[in-house]
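Structure at a glance
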Amino acid sequence: MRSLKISEVMWNHIEPIRCGTPVTKVVKALLANHVTGLPVVDDHRHVLGFVSEQDCIHSLLVSNYHHEGDPLVDDVMFRQPMTVSPDMSVVDLAQNLGAGKPKVYPVVDHGKLVGIVTRTAILAEFAKSGFSVDKPSYAGAED
């Protein structure tokens, strides 16, 4: 399991979000792809940011309340997303997942987006490979 790489579990069929995209179209992309967030890229697939469901909910709530029209992804995206390499070990990434950490990571190779990896994909791979955590043993418990 330690040798399993991100490139083996990443999704590379999802189209990233482009700058200038209205948030309502971002929401449609999130829902259609069943993901909680997507990378935002330029025309050369360089990652410029990341937009999540939470960003969209907040943005649409504010824009609807103030009747400001459809905001753009540029206005709501997080501009310094955490990215991972396709050569990174799945186990190494899994060890760094936790509360407050992203649920979706852009996978970047030579500065360009090549896919995304989700917690769900990692969990599915662990389940498929029979990855398990040993039960804790206590002194005298089996004596």
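Cut-offs and rules
Residues numbered from 1 in each chain as written. Predicted model: local features only at pLDDT ≥ 70, side-chain atom pairs only at ≥ 80, totals over all residues. Heavy atoms only, no water. Buried < 20%, exposed > 50% of the residue type's maximum accessible area, 1.4 Å probe, protein only. Helix = DSSP H or I, 4+ residues; strand = E, 2+ residues; numbered from the N terminus. Arc of directions from axis to C-beta. Contact = heavy atoms within 4.5 Å. pLDDT = per-residue confidence, 0-100. Salt bridge = Lys/Arg side-chain N within 4 Å of Asp/Glu carboxyl O.

1. Some details on helix H1 (residues 23–33)
- Taken together, the buried positions of H1 are occupied by Val23, Val26, Ala29 and Leu30. One side of H1 holds all its buried residues, which, seen down the axis, span an arc of 110°. In H1, the exposed residues that point more than 90 degrees away from the buried face are Lys25, Lys28, Leu31 and Ala32.
- In this structure, the buried residues of H1 make contact with strand E1 (17–18), strand E2 (37–41), strand E3 (47–52), helix H2 (53–66) and helix H3 (73–76).
- Just past H1, the residue His34 takes up positive phi, approximately 55°.

2. As for unusual backbone geometry
- A positive phi angle is found at His34, which is not glycine, with a value near 55°.
- Position of His34 among the secondary structure elements: in the loop between H1 and E2.
- Overall, His34 belongs to the exposed group, its relative accessible area being 70%.
- Here Arg45, not a glycine, exhibits a phi torsion of approximately 65°, which is positive.
- Secondary-structure assignment places Arg45 in the loop between E2 and E3.
- Taking the relative accessible area as the measure of exposure, Arg45 reaches 26% and is therefore partly exposed.

3. As for the confidence of the model for the protein chain
- Taken over all residues, the pLDDT of the protein chain has a mean of 88, while the share at 70 or more is 89%.
- Between residues 133–137, whose pLDDT stays under 50, and residues either more than four places distant or in other chains, the model counts zero contacts.

4. Points about the pattern of salt bridges
- For the structure shown, the criterion picks out two salt bridges.
- Between Arg18 and Glu15 there is a salt bridge, with its nearest N and O atoms 3.3 Å apart.
- In this structure, Lys128 and Glu125 form a salt bridge, with 3.3 Å as the shortest nitrogen-oxygen distance. Pair noted here: Lys128 and Glu125 are both in helix H5 (residues 119–129), with a separation of three residues, about one helical turn.
- Judged by its relative accessible area of 67%, Lys128 is exposed.

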